[in-house]
Structure formats: C-alpha cells, structure tokens
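Each chain, written out:
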Amino acid sequence: MPSTLEKIRILGENSKYDICASTASSRTEKYPGLFGDPKKTIGNTVSAGICHSYTPDGRCMSLFKTLYTNKCIYNCKYCFSHSCKHKVSFTPEEYARTFMKLYSMNVVEGVFISSAICGSADQTTEEMLEAIRLLRFKYNFGGYIHFKCLPGVSQSLLKDAISMSDRISINSEASTKEFLSEIAEQKDFYNDIITRQRWLKQIRIKHNEEALKAMNDLKADNKLEEQEKMIKERRSDGYKKFRWDGAPILNCGQTTQFVVGAAEEETDLDLLKRIDWGYRKIDLRRAYFSSFIPIKGTPLGSKQAAPLEREHRLYQSDWLMRIYHFKLKDLEGVVTEEGNLPKGDPKIHLAKEYFKHHKRVNPNEASYQELLRVPGIGPISAKRIINLRTQKFVFKRRQDLRAVGVVLKRADPYILIDGHSQTTLHHFSNEDYMETQIKEFYC
Amino acid sequence: MTKKRDPLEVIGCAKGYSHEELIKNIHRHSRYSPEIERQIITIPEAILRNSGTQMAKKINKMMREVFTEAYRAKQFTRTEINNRGVLFGIVSLKHNVLDLVLVYFHERWPQCVICLYNEQTRETWIIDEKGAIRQFHQPLKKVVENISRDRRIVPYFEDIQFSGEEIFETLYKSQFIAERENKQYFKKMIPDCCFELPGMKNGVEKRFRNKKINEFL
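Note that the structure is predicted; figures quoted are calculated from it, not measured.

**Q** Explanation requested: the overall build of chain B in the structure shown.
**A** On a plain count of helices and strands, chain B comes out with ten helices and five strands. Burial status across chain B gives 47% buried among its 217 residues. Long-range pairs, those at least 24 residues apart, make up 60% of the contacts in chain B between residues at least 6 apart in sequence. Surface accessibility of chain B: about 12,200 Å² in total, with carbon and sulfur atoms responsible for 52%.

In structure tokens, the structure reads:
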C-alpha cells in the first residue's frame, strides 16, 4: 500500500501539466453564508490572489494540485498517466486531511482537484465529490475549490460539483472533433465535452436566477435588478458584459484548457475560433493553453515539443479578445497563411494593419476603442485618458501620457500630440520622410 | 446615480493612495515622522496619487514598503496549528504591520487564536476569536502554551496533527516542469530578500535548488 507521500509524488507529477492560475473569488464578500456561518468556516477567498510559493519555472503554486487517481480507462496519446507504471488513488479522507494540513501551514490557498477516469467518469467523480464534501462539511473549509469535471460525467453529479466549487473546468484539449480524435480517440468531442460545457452554463444560470430571487437582502436593497443584469447582459459581440457577476454559485465560472501543438495540423486560428465560441456560447471565463511537451513512453513521446512562444502568443491574443474587446475578425487579419499567429506581439501586428488605413490617434479626440488600438495603451490608461478629457484636461506633452501609464516607446509611432508625432527609428528607414526632412532643413 | 470620479484617479493595481489612506497608514513605517504627516495634508490628492512631486514620490514609496512587507508576511509566513485551535508562526517585520497580518490569518481561521512572534521586536502578538489584538513580551512557545491550557481539543484539528513539511516538499518537487525552468522569473517571484524571512530561511524552495546542485556535483 503506497504511503500518502508516495501518492502525492506520483499524482502531483501526473497533474503538473494541468494549468490553473486564479484563486480569486467574489463569493465570500457577497455571499458569506454560502457554506455555513462564516465565523465557523475555515478559509477565505476575499483577499485571494496571494501565492504562497513558486516553482523554479516561476509559476505560482498556490493550489493543492494533484490528481485524485491516475488509474485511467482512456489512452490519450499525450497524457502522463499513459506512461506512469505506478497506479495509485487517494481516499477522500486522506485527500481532505492532507489538504487541511497544508492549508494550516499557509503553503497553499485552495484546492485544484482533477483525476484520471477509473472505472467510469461518474464513479471517479463520486469519489472526488466525497473528498470535497469532507472538506466543506467536516473540516468546514470555505476557501477556494477548483473542480476539474471529467468528460462524460452525468448531469446530476455536475450539479453537485457546481454547488460546492468556486470554479469548474472541462479540458477541451483540442479545438475540433477531428483534432481531438487524433490525440484522444476514445473521447467524444461533442458528447463528452461540448454538451457538458453547455450544461454547466445552463445549470449555473438557472440556479443563480432562483437563488437571487430568494435573497431577501438583495430585494430590500434594490440590488436584485442590478445582479440579474450582471448575470444576463452581453456585449454586442455576444461576450458576457461583466466578467465577475457576483453570482451565488460558481462565481469564478467555467474555464477550459487546450494542449497546443499535440494535434499535427491544428493552428492558432482553430484554437482562437474555439475560445471565441466559448466566450459567446458557454460563458467561458477564460482559456488556458499548455504547450505540448513529449513524455517518454507515450505514443507522442518522439514528437517535437511545441514552442513556449506559441503558447505566449495565444495568451496575448486571448487577452486582446477578452479584455480589449478585439474581434476574432481582427485577429484573422494578422495570422499567417498557415493560420498561425506571427512572431511578435499580436497587438503590434494589429496596429500595423489598422494604421495602414487609419490616421494616427490624437489622445485629445480619440474614442476609447481607438485608444485601445495603440500599442502601449491598455484599458487602464485609455480609461484614464477619457476620464481626464471629461474634466477638460488637454494632453499637450508626451510626458502627460507617460504620467497616465502609456508606454511611449510602443505608442509613439501611432500617436499625435499637439499636431506632432515623435520621430522613431522607423522613420529613418523611410526614404520619402528623409527627403522631406532634408528639404525642410535646407530651406 | 454614479459617483463623480476624480479625473486623476488612477484605476487598477497602481491606483495610489488617498489622503485618508495615507494618514491612516503612514505611521506604520519605521521612518515615520509627524512632519511627513503634515506634508501629506498640504499636498493635493491628485499629485499624491500620481507621484507628482519628490515628496509625493517619497510618501508613496514609504507606503509601498509598508504594504509590500505586510503582503510578503501573508505570503511566506509558515504556520503550525495545535489540536486546541491555536495557530502560530514567526515573522520578521521592520514596519508596524503585524496587526494587518494577524487580521489576514484571523479571517482564514476565525475560530482559532492566532499567535505571531516578531523576531525584530521580540514580541508575540495574538488575535483571539473575537478579533481583539493583544501583545506579550514573551517567547512564542510560552504564549502558545498559556493560551492552549484553557482550550479544549477540537477533533478536526486533532486530525491534522502530523508533520506536513515533507508533504509540501514532495508536492513542490512534483509540480516542477524541467522544460519550463526560468531562473529569472523565479527570482522575480521570490526575490532573494524573501529567503531571509523566517518561514523561508530553511524553506522548501531554497532546499530544492541547493539539492539539485549537490546531486549534480
């Protein structure tokens, strides 16, 4: 019988490619009594985002991230469990106790529970739920729980998982059915993954609407309408208008993860199309990308690793769609013929494309969306600029922009201040520009 | 009706501090003087928020130092809990932020008494279940013993009375992906100064790196 330490070593290593970042949750602030009297529960998610450790690759290690079991009925070609000879499982009590010990040492902030599929998805999920139940109701843990939903799990178990978790996720792994069957032929893309993602959205919305109506304190404060608006309202492109809607359950929403570069012909555009669909149709909160790393002993063990830079570009593009409200159509305009993102910051590529047909931006006149087009200006500095303009502040110097947080070395080629633009190195390679400058000088 | 915003208000993580926040917290800094407080009152808030003058810049730097120290303590203080619900640990704080750290732990463990010993001042501060803070000029061990004496054993704290250090070390090692090793990024996330904190002096993070070199040699 393997010891708990041995299980942590094996199952922790098996889960290291699963990505999770956030421990933020607005739950406790608005709904303190969700898991009982807050004075009697352990853990808090209000001041979340604190990381207690970092691995030597610089990644934050704030969650107790292990698999529940690595005994798996699937044979995914990229997966660690495929090659691992030692098959072990936690027991619910062992899992809960180990986590509580680590939490009491202040080395982790919450739980990330994932698993291989032992027997059936429902059987394994039942056991995972038992561990979560022990945490919530025996050890009174009220902190952050990220539950990894297994492909093909039944709707009733999904409801249970939602009611006890802060965030839930189902790994898509690939962008389409064809690409998924290439790397994990036993998984059914539409039935096991897409259908479950749709269920998550439906269950969450239905439950939250009912819960909001039952909340007397919100009725009394006339906040109900506002809350419902936050849950339902959408941007013109179909994305959710409010990322954190303060919903009573699962308020960190659902996420997903892709293995980048495992399927032979999968392009960045395919992945971007899938996450765009996710934001519009299933209220995806965010997507994670994990560059494919070959693992010895797996069918893809001899395949070349995907460059980490590709993962980085995908995160940048995702950020542009989600936070900057760029449309997929914009990004389609900059991808290469093969359908991948070009080298370099996607926002700079987008700006180069956009400013071919548009004039430079004058910060004293430009709209919020136009300002966001400029590299070096993000949502915060754009808001500051608009905010200052409404108070009749005029930007006359580059330093004024620097003061509000604009990165001038990036923004310079695209902005016009007081009718002038800053000369950049790019101008010196432009012959027409140099000619006019020389003429002006001699005149 | 929406609240009218100060046009120079910085939004997001770099939003700066209001007059009120500054006056309330500047005294926490180890180099605080009443003169600084007088300066805060005279400087307009917009200038303070945007570090518009040298003095404003200095004040903001002082505030940042205070809150960074509190944040580091919340991150890297390693604690233990006994079967009577007393959570204890050691911190090393230059500035007067121990109450902020205690409140953080109190929110996480509301039914426990939290005891933190500050190496710099050699004092033990405690926060009880009701949120009342007291300080003792006694070593941590003695304070923990005194408090535990009157408290009954709590079953679910009794359940977790085993050593967790090896568990954390195993978990920490298991999460490392060699292909992604990035020393610079790691250093940015845990700067060298953090390894001087009591919880990190002999921390798993440091041992792990050292072991690797030894094994190589």
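**Q** Explain the sheet that holds strand β4 (residues 167–169) of chain A here, please?
**A** By definition, the strands of a sheet pair up through backbone hydrogen bonds, in either a parallel or an antiparallel sense. Residue and element names in this part refer to chain A. Pairing within the open sheet is parallel, and its six strands lie in the order β1-β2-β3-β4-β5-β6. If you trace the sheet from one side to the other, it starts and ends with β1 (63–67) and β6 (284–291), each paired once. With strand direction ignored, the average angle separating the axes of adjacent strands in the sheet is 20 degrees. The sheet contact formed by strand β5 (residues 254–260) and β6 spans seven bridges and is parallel. Pairing of Gln-254 across the sheet is with Leu-284, part of β6. Contacts between helix α12 (residues 308–322) and the sheet are confined to β5 and β6, with β6 contributing the most and set at about 170 degrees to the helix.

**Q** I would appreciate a short explanation of the sheet that holds strand β3 (residues 113–118) of chain B in the present structure.
**A** Residue and element names in this part refer to chain B. Strand order across the open sheet formed by five strands is β1-β2-β3-β4-β5, with mixed pairing between neighbours. With one partner strand each, in any of the chains shown, β1 (79–81) and β5 (133–136) form the two edges of the open sheet. Pairwise comparison of adjacent strand axes, ignoring direction, gives a mean angle of 20 degrees for this sheet. When β3 meets strand β4 (residues 123–127), the two strands line up antiparallel, connected through five bridges. Residue pairing across strands places Leu-116 opposite Trp-125, the latter belonging to β4.

**Q** Looking at this structure, how should I read the pattern of salt bridges?
**A** Oppositely charged side chains are able to pair whenever their charged atoms sit close together. Scanning the model with the defined rule gives 29 salt bridges over all chains in all. Two residues, Glu-94 of chain A and Lys-7 of chain A, come together in a salt bridge whose shortest N-O distance is 2.8 Å. Pair noted here: Glu-94 of chain A is in helix α4 (residues 92–104) and Lys-7 of chain A is in helix α1 (residues 4–14), with a separation of 87 residues, a long-range link. We classify Lys-7 of chain A as buried; its relative accessible area is 3%. In this structure, the salt-bridge partner of Glu-109 of chain A is Arg-108 of chain B, at a minimum N-O distance of 2.2 Å. In this pair, Glu-109 of chain A is assigned in the loop between α4 and β2 (110–114) and Arg-108 of chain B in helix α5 (residues 98–108), connecting two distinct chains. Using a relative accessible area of 2% as the deciding quantity, one classes Glu-109 of chain A as buried. Judged by relative accessible area, Arg-108 of chain B falls into the buried class, the value being 1%.

**Q** So what exactly am I meant to see when it comes to the interface of chain B and chain A here?
**A** Size of an interface, as often reported, equals the accessible area lost when the parts are brought together. Counting residues at the interface gives 57 residues for chain B and 58 residues for chain A. Here chain B and chain A share an interface that buries about 5,100 Å² over both sides, 60% of which is from carbon and sulfur atoms. Sorting the residues of chain B by area buried against chain A places Arg-108, Gln-175 and Arg-180 of chain B first, and these three jointly supply 16% of that buried surface. Summed over the shared surface of chain B and chain A, the result is three salt bridges. Taking the shortest distance from any N to any O, the salt bridge between Glu-311 of chain A and Arg-180 of chain B comes out at 2.6 Å. Counting the contacts that link chain B with chain A gives 25 residue pairs in polar contact (both at pLDDT 80 or more). Breaking the side of chain B that touches chain A down by element, the ones donating at least two residues are α4 (54–76), β1, α5, α7 (155–158), α8 (165–174), α9 (183–189) and α10 (204–216) of chain B. In terms of residue count, α8 of chain B provides more of the side of chain B that touches chain A than any other element does, eight residues in total.

**Q** Looking at this model, I keep getting lost on a nonpolar patch on the surface. Mind explaining?
**A** Residue and element names in this part refer to chain A. Among the surface-exposed residues, Ile-438, Phe-441 and Tyr-442 lie close enough to one another that they form a single nonpolar patch of about 430 Å² accessible area. Positionally, Phe-441 belongs in helix α20 (residues 431–442). Of the residues examined, Phe-441 reaches a relative accessible area of 68% and is grouped as exposed.

**Q** I tried to follow the domain arrangement of chain B on my own but got confused; where do I start?
**A** Domain boundaries assigned for chain B yield domain 1 (19–73), domain 2 (77–158) and domain 3 (165–216). The straight-line distance from the C-alpha centre of domain 1 of chain B to that of domain 3 of chain B is 34 Å.

**Q** In this structure, what is going on with a positive patch on the surface? I would like to understand it.
**A** Residue and element names in this part refer to chain B. Taken together, the side chains of Arg-31, Lys-58, Lys-61, Arg-64 and Lys-94 define a basic patch exposed on the protein surface. Examined against the element boundaries, Lys-61 turns out to sit in helix α4. Since its relative accessible area comes to 47%, Lys-61 is described here as partly exposed.

**Q** So what exactly am I meant to see when it comes to the pairing of β2 of chain A here?
**A** Working note: regular strand, side chains alternate between the two faces of the sheet. Residues and elements named next belong to chain A. Burial analysis of β2 places five of its five residues in the buried class, the great majority of the element. Taking every second residue as pointing to the same face, both faces of β2 are buried, with Gly-110, Phe-112 and Ser-114 on one and Val-111 and Ile-113 on the other. Sheet topology note: the β1/β2 ladder contains five bridges and is parallel. Looking across to β2, one finds that Thr-66 is bridged to Ile-113. Examined bridge by bridge, β2 and strand β3 (residues 144–148) share four bridges and lie parallel to one another.

**Q** Got a minute to help me understand α4 of chain B in this structure?
**A** Since the α-helix turns once every 3.6 residues, residues separated by three or four places project in the same direction. All names here are of chain B. Under the 1.5 Å per step criterion, the end-to-end length of α4 is 32 Å for 23 residues, consistent within 8% with the ideal 33 Å. Within α4 the residues assigned to the buried category are Ala-56, Ile-59, Asn-60, Met-62, Met-63, Val-66, Glu-69, Ala-70, Ala-73, Lys-74, Gln-75 and Phe-76. Those residues of α4 hidden inside the fold are in contact with α1 (19–25), α2 (34–42), α3 (45–49) and α5.

**Q** Is there a simple way to think about the environment of Leu-350 of chain A in this case?
**A** Residues and elements named next belong to chain A. Along the chain, the position of Leu-350 falls in helix α14 (residues 346–357). On the basis of relative accessible area, Leu-350 is assigned to the buried category, the value being 4%. For Leu-350 and Phe-326, which are 24 residues apart along the polypeptide, the C-alpha to C-alpha distance reads 9.7 Å. Look past the residues within four positions of Leu-350 in its chain and what remains in contact with it is Leu-320, Phe-326, Asp-330, Leu-331 and Val-334.

**Q** Any chance you could explain the packing of α4 of chain A against helix α5 (residues 121–138) of chain A here in plain terms?
**A** Between two packed helices, the angle of one axis relative to the other and the distance separating the axes together describe the packing. All names here are of chain A. Here α4 crosses α5 at 45 degrees, and the two axes come no closer than 8 Å. Put simply, α4 runs oblique to α5. Of the two elements, α4 crosses α5, and the hand of that crossing is right-handed. Only Glu-127, Glu-130, Ala-131, Leu-134, Leu-135 and Lys-138 of α5 make contact with α4, whose side of the interface consists of Pro-92, Glu-93, Tyr-95, Ala-96, Phe-99 and Met-100. Looking at the contact of α4 with α5, its residues break down into eight nonpolar, no polar and four charged.

**Q** Could you clarify how one ought to interpret the packing of aromatic side chains in this entry?
**A** Given two aromatic rings, their pairing is described by the distance between the two centres and the angle made by the two planes. Residue and element names in this part refer to chain A. A complete count under the given rule lists 23 aromatic pairs over all chains for this structure. Seen from their ring centres, Tyr-68 and Tyr-95 are 6.2 Å apart, and the 50 degrees between their planes marks the pair as tilted. Of the two residues, Tyr-68 is situated in the loop between β1 and α3 (80–83) and Tyr-95 in helix α4; the sequence distance between them amounts to 27 residues. The burial state of Tyr-68 is the same as that of Tyr-95; both residues are buried. Here Tyr-239 and Tyr-279 contribute two aromatic rings whose centre-to-centre distance is 5.2 Å and whose plane-to-plane angle is 45 degrees, an arrangement assigned as tilted. Of the two residues, Tyr-239 sits in the loop between α10 (224–232) and β5 while Tyr-279 sits in helix α11 (residues 268–281), which places them 40 residues apart along the sequence. Taking relative accessible area as the criterion, Tyr-239 reaches 4% and is therefore assigned buried. According to the relative accessible area criterion, Tyr-279 is buried, its value standing at 3%.

The rules behind each value
Residues numbered from 1 in each chain as written. Chains lettered and ligands numbered in written order. Predicted model: local features only at pLDDT ≥ 70, side-chain atom pairs only at ≥ 80, totals over all residues. Heavy atoms only, no water. Helix = DSSP H or I, 4+ residues; strand = E, 2+ residues; numbered from the N terminus. Buried < 20%, exposed > 50% of the residue type's maximum accessible area, 1.4 Å probe, protein only. Contact = heavy atoms within 4.5 Å. Areas by Shrake-Rupley, 256 points an atom, 1.4 Å probe, with all protein chains shown as cover. Pairing = 2+ DSSP bridges. Axes fitted to C-alpha atoms, helices over the stretch in contact; angles between N-to-C directions. Salt bridge = Lys/Arg side-chain N within 4 Å of Asp/Glu carboxyl O. Buried area = accessible area lost by both parts, 1.4 Å probe. Polar contact = N/O pair within 3.5 Å; in protein donor to acceptor, adjacent residues only side chain to side chain. Patch = residues over 30% accessible without salt bridge, like charges linked within 9 Å, V, L, I, M, F, W, Y side chains within 5 Å. Domains from an automatic or database assignment. Lys, Arg positive; Asp, Glu negative; His and termini not counted. Charge placed at Lys NZ, Arg CZ, Asp CG, Glu CD. Expected span 1.5 Å × (residues − 1). Parallel < 35°, antiparallel > 145°, perpendicular 65-115°, else oblique. Left-handed = near helix turned anticlockwise from the far one by under 90°. Nonpolar A, V, L, I, M, F, W, Y, C, P; charged D, E, K, R; others polar. Phe/Tyr/Trp six-rings, centres within 6.5 Å; stacked < 30°, edge-to-face > 60°.

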